[in-house]
Structures are given as C-alpha cells and as structure tokens.
Amino acid sequence: MSRKFFVGGNWKMNGSKKVADELLSNLVKGPLDPNVEVLIGVPAIYLDFVKEKAPCNIYVAAQNCYKTEKGAFTGEISPSMLKDIGIDWVILGHSERRQIFQEADTLIAEKVNHALESGLSVVACIGETLEEREAGQTEAVVAKQIKAIKDKICNWQNVVIAYEPVWAIGTGKTASPQQAQDVHKILRKWLADEVNEAVAKTTRIIYGGSVTASNCKELAKECDIDGFLVGGASLKPEFVDIVNANQ
C-alpha cells in the first residue's frame, strides 16, 4: 500500500512574526511537490498568527500539548485549545522534551492518547541516545518507546511516527540511509507483530536528525522512510528542496 510522503518542519523555539512571514513566503513561492503532505511546527505564541496566513496545503502544528482538557497546569496548552484556534496537528515526544524536560514514555503516551481522542493528528517522536546506540540498545529503546504509545491508543490512523536518533539532532551528524532504513524496518515489523499488518503497512514512519537538502534525496530512496521531520533546515530556504526530495 502506498504511503503519502510527509515532511514536517519543526521551528522549535525560534522565530518572530517577521520570520514567520518570511518562512511562509518561501513555502508559498515553492513550488512544493503536490504529492507531499507538508507540516510546520510553530511556537505556541505564533500558532494563531501562522494559521491565519498559511496556505491550505500546509498543516500548522503545535510543538507540544498536555494530557488533559483543562485544569491547574500553568504554562500548558490542551488539545481542545489547539482545536479552538483551528490547529489539527501536534508534535509529541520530541527528544528535546524527553531529554531536557525529562518527559517519560508513559507521560508522552498519555499525551498522544488524549490528543488523538480530542481530534488532533499526532507526530509521535521516538529515538535513542548515542550511548544507547553504542551499547547496541537501539532496537530495545525504540520498541519500549513505541510500546508505551501502543498501550494507550486504539487507533493509529492519525499517527505519524518520527524516528529521531538523539545523537543526530542538531549535531550535524546524520544516520546513514542504511542506518535509518534499518530502524524504520524494525519499527514497521514491530507494528506488524504487536499491532497488526494493516497498521504496519499504512503508518508513515519519517526520519529526523540533521536532514538537509544535501542528504534528503538519498534518505528518501529507502523503502521504509516515508518522509522527514526537519529541525534547523526548516528555517532555511532549503526546506523546499527537502519537501521535494522525491522528485
């Protein structure tokens, strides 16, 4: 079954209204491959601003949200609040949330579940550290992370999995196409074995970790890499080239 290529740009804690206008202008100018779903992950304070200006062929996503609808959770944002301003996507479990903010697998899974139940689509991130890779624990780590999500959700239809090796994020290091493909293949087999074959065939597994215009085409050739989640390069004109990696 064909899986539509998916490219997300995670702006992280960067930008301003002026920068947002420039980035959107670059995307509008494109041209973008019409066979690719494109998403931009925007700082919470600019979500409404960007959503108002983004063309309809570009999804706007929050970079995080909490696991409940409302309550005494200072500084948090709920899925219902995102829906209220027209946001339909959220990125959850990014390595920076896991590593810097110490978000546990269980919390991330609960957030994914509540986001899905609230009508959001989710880019769910998983990935191992350099120490875990060097210790030969990559498969065990990603299986543990995805199992936590599997234990909380019933429907995978609105989930995109992003494999992001922590050692390749913001470091300039990139998993080779074969390294990335090997993990994506492991994840797809895990879905087939632990969920079902249909979910394994239809769920998109995208790669994130220092993806650039110079390496995206080789990565895109791998059969189990269904797109990218891009960090730093999403703030540059080359993001258009990454979106068009399959052309």
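Scroll up a little and you will see the structure.
Residues numbered from 1 in each chain as written. Predicted model: local features only at pLDDT ≥ 70, side-chain atom pairs only at ≥ 80, totals over all residues. Heavy atoms only, no water.

**Student:** Looking at this structure, I do not really get the layout of surface pockets. What am I missing?
**Tutor:** By volume, the largest pocket amounts to about 530 Å³. In this structure, the largest pocket is lined by 21 residues; those nearest its centre are Met 13, Gln 63, Asn 64, Arg 97 and Phe 101. Across the lining of the largest pocket, the residue classes tally to twelve nonpolar, five polar and four charged. Considered as a void within the structure, the second largest pocket measures approximately 290 Å³ in volume. For the second largest pocket, the lining is made up of 23 residues, of which Gly 170, Ser 210, Gly 231, Gly 232 and Ala 233 are closest to its centre. (1 Å grid on protein atoms, 1.4 Å probe; cavity = no way out; pocket = protein on both sides within 12 Å on 5 of 7 lines; lining within 4 Å. Points joined across faces, edges and corners; volume = space filled by probe spheres on them. Nonpolar A, V, L, I, M, F, W, Y, C, P; charged D, E, K, R; others polar.)

**Student:** Is there a simple way to think about helix α7 (residues 138-150) in this case?
**Tutor:** Spacing of three or four residues puts side chains on the same side of an α-helix, whose turn is 3.6 residues. The end-to-end C-alpha distance of α7 is 18 Å, a good match for the 18 Å that 13 residues give at a rise of 1.5 Å each. Along α7, the residues that are buried comprise Thr 138, Val 141, Val 142, Gln 145, Ile 146, Ala 148 and Ile 149. On an axial view of α7, the arc spanned by its buried residues comes to 150°, and they lie on one face. In α7, the exposed positions angled more than 90 degrees off the buried face are occupied by Ala 140 and Lys 144. Of the surrounding elements, those touching the buried residues of α7 are α4 (95-99), α5 (105-117), β5 (121-126), α6 (130-134), β6 (159-163) and α8 (177-194). (Helix = DSSP H or I, 4+ residues; strand = E, 2+ residues; numbered from the N terminus. Expected span 1.5 Å × (residues − 1). Buried < 20%, exposed > 50% of the residue type's maximum accessible area, 1.4 Å probe, protein only. Arc of directions from axis to C-beta. Contact = heavy atoms within 4.5 Å.)

**Student:** Whenever I open this one, the nonpolar core confuses me. Can you help?
**Tutor:** Generally speaking, a soluble globular protein has its nonpolar side chains buried in company with each other. Ranked by internal contacts, the top residues of the largest apolar core, which has 67 residues, are Ile 40, Tyr 207 and Phe 228. Leave out the neighbours within four places in its chain, and Ile 40 touches Gly 9, Trp 11, Leu 24, Leu 27, Val 50, Ile 58, Tyr 59, Val 60, Ala 61 and Phe 239. Counting eleven residues, the second-largest nonpolar core is a separate cluster that includes Ile 91, Val 160, Ala 162 and Leu 229. (Core = buried A, V, L, I, M, F, W, Y, C linked by side-chain atoms within 4.5 Å.)

**Student:** What's the story with the packing of α5 against α7 in this structure? I'm lost.
**Tutor:** If you want to describe how two helices pack, look at the angle between their axes and the distance between the axes. The N-to-C vectors of α5 and α7 enclose an angle of 40°; their axes lie 8 Å apart at closest approach. Between α5 and α7, the interaxial angle falls into the category oblique. Of the two possible hands of crossing, α5 and α7 adopt the one that is right-handed. On α7, the residues that touch Asp 105, Ala 109 and Val 112 of α5 are Lys 144, Gln 145, Ala 148 and Ile 149. Of the residues contributing to the contact of α5 with α7, the split by class is four nonpolar, one polar and two charged. (Axes fitted to C-alpha atoms, helices over the stretch in contact; angles between N-to-C directions. Parallel < 35°, antiparallel > 145°, perpendicular 65-115°, else oblique. Left-handed = near helix turned anticlockwise from the far one by under 90°.)

**Student:** How should I be thinking about α8 in this particular structure?
**Tutor:** Taking 1.5 Å per residue as the helical rise, α8 with its 18 residues ought to reach 26 Å, and the 25 Å between its terminal C-alpha atoms agrees with that figure. Residues of α8 that are buried include every one of Ala 180, Gln 181, Val 183, His 184, Leu 187, Arg 188, Trp 190 and Leu 191, and no others.

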